[in-house]
Each structure stands twice: as C-alpha cells, then as structure tokens.
Amino acid sequence: MDEGSELSLSVAHIVRRLKGTHLHSQIERRAKECLHQPEIRLDSLREDVRRFLRTSACGPRAIPRLLWSISKSRWPTCARHRSVSSPPISVTSSLLILPPMPPHLLPLSTEAFFSFFVLFKDTCGGGVRLFFSFLYVTCCLTQACWEKRVLKSLNSMSSELGVPLARMRPAAEQKELTSKWNEMGADEPGLRGDLTSFRPVYAPKDFLEVLISLRNPNYDSSEDVGVRSHWGLVQVPLDVRDIPQLRRAYAELNLTSGQLGIDDHAHIDPDLFENEYLQIGKKVVVEQDSAAAQQYSRRGCSTGLRADLWALILNSNNQPQDAMRYEQLTAGVVQHDLLVDSLIYKDVKLTASNDDYYFVFEDFLYQVLLCFSRDTAVLEHFKYNSATPPRSFVQGKGEEEEGAVVYPPNGVIPFHGFSMYVAPLCFLYNEPSKLYSVFREMYIRYFFRLHSISSSSSGVVSLCLQFERLLQTHLPQLFYHLRQIGAQPLRIAFKWMVRAFSGYLSTDQLLLLWDRILGYDSLEIVAVLAAAVFAFRAENLMEVTSLGSAEAVLADLSTLKVMPLIQIFLFATAI
C-alpha cells in the first residue's frame, strides 16, 4: 500500500472514530453556540466558526490528544502487528510480561502521521506545532525503550529469586494478613518474608540518565543563538517560561500579597491577614466550591482546612462507594500476592521508615500502596500519558487478546522513593479510604508526570529544562562554576524534583509547596523552588571544588522556608 492510500485510510479511520466521542458532541455543541455570537457573519461563516473552535476550550489540546490516542489504540487489533510482534521477555509461573509496542509498529508511518496532522492545522492552531513535533514522537519512543528496561529488570528479579509475578495466597496466609492488616509495620519479617534480595527496579538517577540522552532529531542545537543553552544536561528545545512570564503566571505570590507560610509566621497582628484569610477558607469549605478552593490554595491553605480544601480541589468526596471500593481493593490484596508488593515493602523500609517525620505512618503506607497497585481505575491516566501500561498474559491462555492483562493491575511499577508521594498526606487524613482517594487523585493528576517522559509543560523533562534555564539565565557564574568542577546542578536537584521535594523539606513547608501545586494546577513551581534553593546557597556553592562538597552544601533542606525563597527568586531577582 502506497503512502497516499495509507494516509487516506488512516484519516477515514480516525474521522469515523471521532464521530462517536464526547469530544465530537462537544465540538458540535460549541459550533451551534457560536452561531449566536454577534461576531459570526454569514458571509464568512466557515472561517468564523473555525476561529471560534480554535480558541475554545475543546480545541488546541483535546483534538490532538484524542487523535494520538486513536492512533495508538489501533496497533493491538491489527493482524500485521500481531504477526511480527516481539516475543515475551520471559516466562514466570503465573504471567508473561511483554515489552511495550516496538517503535517500528507505530500505527502510522512518521511521514503519514505528520502529513495527517497538517490537515488539522487550522483547527488545532499553533498547539499542533509543538504537540505533534518530532520531539513529541521522540519522547514517546524513549519512554517505550525505558519501559522495556524496567520490565526487563522486573522480570530478571522474578527469575533470579524464583518469585512469581502473582500468586493466590493460601487460606492460612490470607487469614494471617487480615488479622495483621493494621499492624504490618510491626510484622518483622512475617508476611513479607526476607526482603534483602529484593532491589528497587530503578532509582531517580537511572531515570535522569535517560532524560539526559533525550534528543530531538529534527533540531540542530548549533543554530541556537544562546551560548548558555549548551551548559545544561537537558538538550531539547521545549518552551519553558522565563522570570517575567513566571511573574505574570504566579501573580498571587508577589511581595505585596499576603501568604500563608510568610505572614502567619511574622511578628505582626494576625488580624491584618491570617484571621480574615481563615474565615474566607471556612466559607469556601462550607460552599463546597472547587474552583474557589483552588484559587484560595494559591496563597496557601490554613492547617485546619487543608485536608478539606485539597479534597475539594481534587473532587475526592469519599462517598460510600469510595469506601466500598477501598474495601474491595483490600480484599484483592488479601487474596493475591504480587511481586511488586515486595518492592513496596522494600521502598517503605528504605525511605519513609527511616524518615523522622514519616516513620510513624508505616502501616498506612503499606495499606495505601498495596491497594493502589490493584486499582485498575489508575489506568485512566494512560489516556493522556506517553507511557504504556505493562502488558502480561495469563499462563496457559496463549498470547491472544482475551488472555492479556495489565501487570501490576494499576499499570505502575514502583521505584525507589515512590512511597514518599503518599507519606506527607498521612498528616492530613487519618482515615485510610480518604487518604487513599486523595493520593490516587494526586497521582493521576500530577505525580505520574514526574516519572514519565513527555513534552508536557508539567512533565519532568520540562521541569529539568526550566530549572537549568533559570539558573543559567540568573546565576550564570554559579552554573558555570558547578559545571566546571563536575557538579552539574541538575544531578543534585533532580532527586528533589522527581519526589516533588517530599522527604527533603520539613512537612509543614512541603505542604505549603503542594498547596501551590494544587492551586496553580501545575508542577512548574517545583522547578522554581529548586532554582531558588541554589540561589539561596549560591555563596557557599561558589567555594566548593567537587560534586561531593556541592552535595554536602545542599544535603539538608529541612530548615528552609519555601515561600520566602520562591518570592525572593521570582519577584526580587533583577532581570
């Protein structure tokens, strides 16, 4: 089949799929609404409607995202794909793990893919230029290769230790686990067995090496006029904000606005800000206004209201069906033992259990993370994620579609430090089902972006690039000095950003940071804080002579105050 025929068939397939979607009805409804707009004229009806849809909420992002999802969804059912698909990595006593879709099995050729989206340029506007650039495809393919490495590591561990990926627990073990469900932290080693042979599938530093290797084949860095663009480790041409743009985006954080995290600790009369702000927060909670709660969170949440405000922002109402769902997940943990359970146990022991703030929540962490690994609702985020859930096949059913499952059921393989996404939330919620509900929403909105490769503005690649650009632009001498002594700033800061600073800041300061993540619906503030920390310690860092000494200067962040650092860096930095 020639390229023109392939393109025509692909366009026809995607248009047919588009017609039955919610997005299609949304576009149709918006088109009808715009006919009542005074600026719509009969003599230019087509162009006016097209322009209206391009600027509406359902235009620039939703259409390309759906098209890419449709494009990806074609490959499993295509006969030619099945006939040449790669064999499973290895066989276990329960399941087979398959690598992600090979790059050469993309549903459309690269040329056909980009030719197709040129047809939608007028509808999608400028967003198509970045979203469907070669960099976007490169991120997807790099993510697929990374997933293959992770799966290989998991499979190797299963083979070496002789531990199946999944097994049914014997009745006696189920009974024991049920009786010890609320005291698993005290079970040494008990149900978990010997964990010494288990190792994290990967650590943040391994993931960083993959990000460093990321390149856009359609971009020649030698054409970049900025000399400092070559100083950093991330060499991809993503569009990230500079200080003036950040000031406009985060206007509520300016020096003249009251902030929780600053004004409530100053030696001033609480009647001037804190008391009034608290009353506003109570009114927001009473009215159950999610949008107002998000706006309120931009200047920080009062300690007594934070749990309710966050749940409101995340639409986590903890209804009876949510509690029932949590009980079902708990039953799933009791019935089946997964290899990833041991990875969760190991991670909690290596991280939260050794943390002065979080060791008391060990039981909660086990309960929430074990249930999380069984929750298929988490798979929803793969619809807008470049990652692919690991596919497996039940042994004895062959490699047909009806025998395929996702492993683990939530599609997320835990890595070193994963439990720290949950730990700070334990300070806010003492009911496991409520804690679980809020964590799941936090993960599928934000945290998944910190360990998946994408060109999203809130993705980890953009955060790394923004951190380096901010330092290069406003602290060039410091950046150059650290680079010269082999202490690239990103190698130090990456572990902070991939955990959203959990485990590095004191809990009260971390929660203030996460207030702003929820308030602005973006992880961008994490990169800003990382740059602000370097600026704060710049004088000491200019005197170091090695990577080890630079890490020593930045080893303890527990005494830092988040909001003063961010305010000074954003609004008191000379441009």
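Residues numbered from 1 in each chain as written. Predicted model: local features only at pLDDT ≥ 70, side-chain atom pairs only at ≥ 80, totals over all residues. Heavy atoms only, no water.

### Re the overall build of the protein chain
Point 1. Each helix and strand counted, the protein chain has 27 helices and six strands in total.
Point 2. Sorting the 575 residues of the protein chain into buried and exposed places 53% on the buried side.
Point 3. Accessible surface for the protein chain amounts to roughly 26,000 Å². Of this, 53% is attributable to carbon and sulfur atoms. (Helix = DSSP H or I, 4+ residues; strand = E, 2+ residues; numbered from the N terminus. Buried < 20%, exposed > 50% of the residue type's maximum accessible area, 1.4 Å probe, protein only. Areas by Shrake-Rupley, 256 points an atom, 1.4 Å probe, with all protein chains shown as cover.)

### A closer look at helix α13 (residues 274-287)
Point 1. An ideal rise of 1.5 Å per residue puts 20 Å on 14 residues; α13 measures up with 20 Å between its terminal C-alpha atoms.
Point 2. Taken together, the buried positions of α13 are occupied by Y277, G281, V284 and V285. Across the axial projection of α13, the buried residues extend over an arc of 95°, all falling on one side. Facing away from the buried surface of α13 by more than 90 degrees, the exposed residues are E276, K283, V286 and E287. (Expected span 1.5 Å × (residues − 1). Arc of directions from axis to C-beta.)

### Quick notes on the side chain of D337
Point 1. Note that D337 resides in strand β4 (residues 336-338).
Point 2. Leave out the neighbours within four places in its chain, and D337 touches L165, A166, R167, R169 and R374. (Contact = heavy atoms within 4.5 Å.)

### Quick word on the packing of aromatic side chains
Point 1. Taken as a whole and judged by the stated rule, the model has 29 aromatic pairs.
Point 2. Relative to Y421, the ring of F415 has its centre 6.2 Å away and its plane inclined at 75°; by these criteria the two rings are edge-to-face. Each member of the pair F415 and Y421 is classed as buried. (Phe/Tyr/Trp six-rings, centres within 6.5 Å; stacked < 30°, edge-to-face > 60°.)

### Quick notes on the packing of helix α22 (residues 489-498) against helix α24 (residues 524-536)
Point 1. α24 packs onto α22 with a crossing angle of 130° between their chain directions and a minimal axis gap of 10 Å. Classified by the angle their axes make, α22 and α24 are oblique. α24 is crossed by α22, and the crossing has right-handed handedness. Facing P489, I492, A493, W496 and M497 of α22, the residues of α24 in contact are V526, A527, A530, V533 and F534.
Point 2. Along the lines of polarity and charge, the residues of the contact of α22 with α24 split into 10 nonpolar, no polar and no charged. (Axes fitted to C-alpha atoms, helices over the stretch in contact; angles between N-to-C directions. Parallel < 35°, antiparallel > 145°, perpendicular 65-115°, else oblique. Left-handed = near helix turned anticlockwise from the far one by under 90°. Nonpolar A, V, L, I, M, F, W, Y, C, P; charged D, E, K, R; others polar.)

### Considerations on the pattern of salt bridges
Point 1. Summed over all chains, the structure comprises 16 salt bridges.
Point 2. Among the ionic pairs, D337 bridges to R167, the shortest N-O distance being 3.2 Å. On the criterion of sequence distance, the pair formed by D337 in strand β4 and R167 in strand β3 (residues 166-168) is long-range, its members being 170 residues apart.
Point 3. Overall, the relative accessible area of 17% leaves D337 in the buried class.
Point 4. Here R167 falls in the partly exposed class, since its relative accessible area comes to 29%.
Point 5. Among the salt bridges present, the one from D341 reaches R374, with a minimum N-O distance of 2.6 Å. Taken together, the residues D341 in helix α17 (residues 339-350) and R374 in helix α18 (residues 362-374) connect sequence positions 33 residues apart.
Point 6. Owing to a relative accessible area of 0%, D341 belongs among the buried residues under this scheme.
Point 7. The network of salt bridges with common partners includes R167, R169, E173, D337, D341 and R374. (Salt bridge = Lys/Arg side-chain N within 4 Å of Asp/Glu carboxyl O.)

### Points about the packing of α13 against helix α14 (residues 290-297)
Point 1. Between α13 and α14, the shortest axis-to-axis distance is 9 Å and the interhelical angle comes to 155°. The angle between the axes of α13 and α14 places the two elements in the roughly antiparallel class. Viewed along their axes, α13 and α14 form a crossing whose handedness is left-handed. In contact with Y277, L278, I280, G281 and V284 of α13, α14 contributes A292, A293 and Y296.
Point 2. Considering only residue class, the contact of α13 with α14 consists of seven nonpolar, one polar and no charged.

### Points about the environment of D341
Point 1. For the pair D341 and P408, spaced 67 residues apart in the sequence, the C-alpha separation amounts to 9.7 Å.
Point 2. Those residues in contact with D341 that lie beyond four places of it in its chain are R169, H336, L370, S373 and R374.

### Re the nonpolar core
Point 1. Counting 151 residues, the largest nonpolar core has F439, W496 and F534 as the members making the most contacts within it.
Point 2. Examining the composition of this core, we find that 10 residues originate from one element, α24, more than from any other. (Core = buried A, V, L, I, M, F, W, Y, C linked by side-chain atoms within 4.5 Å.)

### Examining α17
Point 1. Here α17 is 12 residues long and its end C-alpha atoms lie 17 Å apart, about the 16 Å a rise of 1.5 Å per residue gives.
Point 2. Among the 12 residues in α17, 10 count as buried, and that is most of the element.
Point 3. Among the residues of α17, those classed as buried are L339, V340, D341, S342, L343, I344, Y345, K346, D347 and V348.

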